[in-house]
Each structure stands twice: as C-alpha cells, then as structure tokens.
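# A closer look at the structure
Listed below are the residues making up each chain.
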Amino acid sequence: TYAAAAAAATDTAACVSGGGPCTLDEHCQGDEGDARAGTCIVDTFQCECEREYAGPNCKQRRKSQSTALVLSALLGAYGADRFYLDYLYLAIAKLVVTALLCLIPCVPLWWRCCCSSPYDDRGVELNPTLICCVFYVPFVGVVAWWLVDLVLIGIGYLPDQSGCALVATF
C-alpha cells in the first residue's frame, strides 16, 4: 500500500493538499521540520496537510491572502503583489508598464509645469489635451490593472504561481 500511495502522489495536480506517501508523521512535516504541517493517516499511509500547507508531503507553505492584499493595496501598481505570489514575469511587466507609462511621462510634465514657462519657445501655450493623453490615459490603465488584482486577491480568486489557493488569515 505504501508503493500505491507513492504512485498516486505523482499523478496529482499542481497544488495538492496531502496524499503523499508516509509511514510516520515525520514524512508529513514542512521543509523546516514543522510538526504542525501535516499528519500521517495510518489507515491509508497518506499525508493529510493542515490548511497552511500544501504538496503531497505538506512541504509547501501556502501564501497568505492578507499579506497579498496589503501588498496589492500599498504597492500593487508596482507589481509587489505579483512578486509575492511568484508571478515573476507578470510582476516585472507590471513594474515596467508602471514605470514607462506613468513615471517617465511625469518627468517632462513636471519640468514643463514647475521649472519652465507654460509656453513653448514660440510663445504658444502648451496643449492640455496632449498632457492628458500622455499622462492620464496610461495612468487609468495602470490603475485598472491594480484594482483588478486587488479585487481578485480580496475575493480569493487569484492563486499563487503553483496553483495553490491563498490562506485567508484575516
């Protein structure tokens, strides 16, 4: 039965909560040897994980929904929430998009508004529509992406990169 449990554990989805083979409770402990990670069920020789842990042998600690929510609320526009959830490429994309579409246009606008005349070299007043298109339209896109991620994390719909649901620790 131990070999059958081992074979069944290799055929599971990306995020499983237990089901790995075990003979003792030590086989169901987290990577740091946390005895609270899981329990070995003697009848089936399979690990049963506590809710904070995942993986066939309970070695993967699940990400916290409250931590992800706070990161998203405070630094979500810069991809901190996606970095925390191990979505590396999306986090880098979010950071680059925010930098390119929001921060870089701010520099010439700040220079024009604060350090120079509101008129160009020919004495023509700067067009406010151009300022709106350069700054506010991309800003709305970044804010929309940030708000969508904030809502997805808040309702628990966005899992971590390995597919495990976030642990609600509110």
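Rules behind the numbers
Along each chain, residue indices are assigned from 1 in the same order as the chain's sequence is written. Only residues with pLDDT of at least 70 get local features here, since the model is predicted, and only at 80 or more are side-chain atom pairs given and counted; chain-wide, interface and lining totals rely on the full set of residues. Hydrogens and water are ignored here; the side-chain numbers use all heavy atoms of the structure. Secondary structure is summarised from DSSP: a helix means a run of H or I of at least four residues, a strand means a run of E of at least two, and numbering begins at the N terminus for each. A contact between two residues is defined here by any heavy atoms of the two lying within 4.5 Å. Relative accessibility thresholds used throughout: buried, under 20% of the residue-type maximum; exposed, over 50%; partly exposed, between the two (1.4 Å probe, protein chains only). Paired strands, as defined in this entry, are two strands with at least two bridges between them according to DSSP. What the arc covers is the set of directions going from the helix axis to the C-beta atoms. A side-chain nitrogen of Lys or Arg and a carboxyl oxygen of Asp or Glu constitute a salt bridge if their distance falls within 4 Å. Disulfides are defined as pairs of cysteine sulfur atoms found within 2.5 Å of each other.

## Side note on the overall build of the protein
- When helices and strands are counted, the protein shows five helices and four strands.
- Listing the helices and strands of the protein from first to last along the sequence gives α-β-β-β-β-α-α-α-α.
- Considering only intrachain contacts with a sequence separation of at least 6, the fraction spanning at least 24 residues in the protein is 55%.

## Thoughts on the pairing of strand E1 (residues 38-41)
- Here E1 shows a buried face lined by Gly38 and Cys40 and an unburied face lined by Thr39 and Ile41.
- Direction of pairing for E1 relative to strand E2 (residues 46-49): antiparallel, over a ladder of four bridges. When the bridges of E2 are listed, Thr39 appears paired with Glu48.

## Overview of helix H2 (residues 65-75)
- Of all the residues in H2, the buried ones are Gln65, Ser66, Ala68 and Ser72. In an axial view of H2, the angular spread of the buried residues amounts to 160°, which keeps them on one side of the axis.

## Some words on the pattern of salt bridges
- Under the counting rule described, the total for this entry stands at five salt bridges.
- Across the pair Asp86 and Lys63 runs a salt bridge whose closest N-O atoms are separated by 3.5 Å. Remark: Lys63 occurs in the loop between strand E4 (60-61) and H2 and Asp86 occurs in the loop between helix H3 (80-84) and helix H4 (88-114); sequence separation between them is 23 residues.
- Residue classification places Asp86 among the partly exposed residues on the basis of a relative accessible area of 43%.
- Among the salt bridges present, the one from Lys94 reaches Asp81, with a minimum N-O distance of 3.4 Å. Of this pair, Lys94 sits in helix H4 while Asp81 sits in helix H3; the two residues are 13 residues apart in sequence, bridging distant segments of the chain.
- Among the charged side chains, a salt-bridge network with shared partners connects Asp81, Arg82, Lys94 and Asp149.

## Concerning the state of the cysteines
- One pass over the full model with this rule turns up two disulfides.
- Covalently, Cys22 is tied to Cys40 through a disulfide, its sulfur atoms 2.1 Å apart. Between Cys22 and Cys40, the disulfide has an S-S torsion of 90° and is therefore right-handed. Taken together, the residues Cys22 in the loop between helix H1 (2-10) and E1 and Cys40 in strand E1 connect sequence positions 18 residues apart.
- Owing to a relative accessible area of 0%, Cys22 belongs among the buried residues under this scheme.
- Classification of Cys40 as buried rests on a relative accessible area of 8%.
- Two residues share a disulfide in this structure: Cys49 and Cys58, whose sulfurs sit 2.2 Å from each other. Linking Cys49 and Cys58, the disulfide has an S-S dihedral of approximately -100° and is accordingly described as left-handed.
- On the basis of relative accessible area, Cys49 is assigned to the buried category, the value being 12%.

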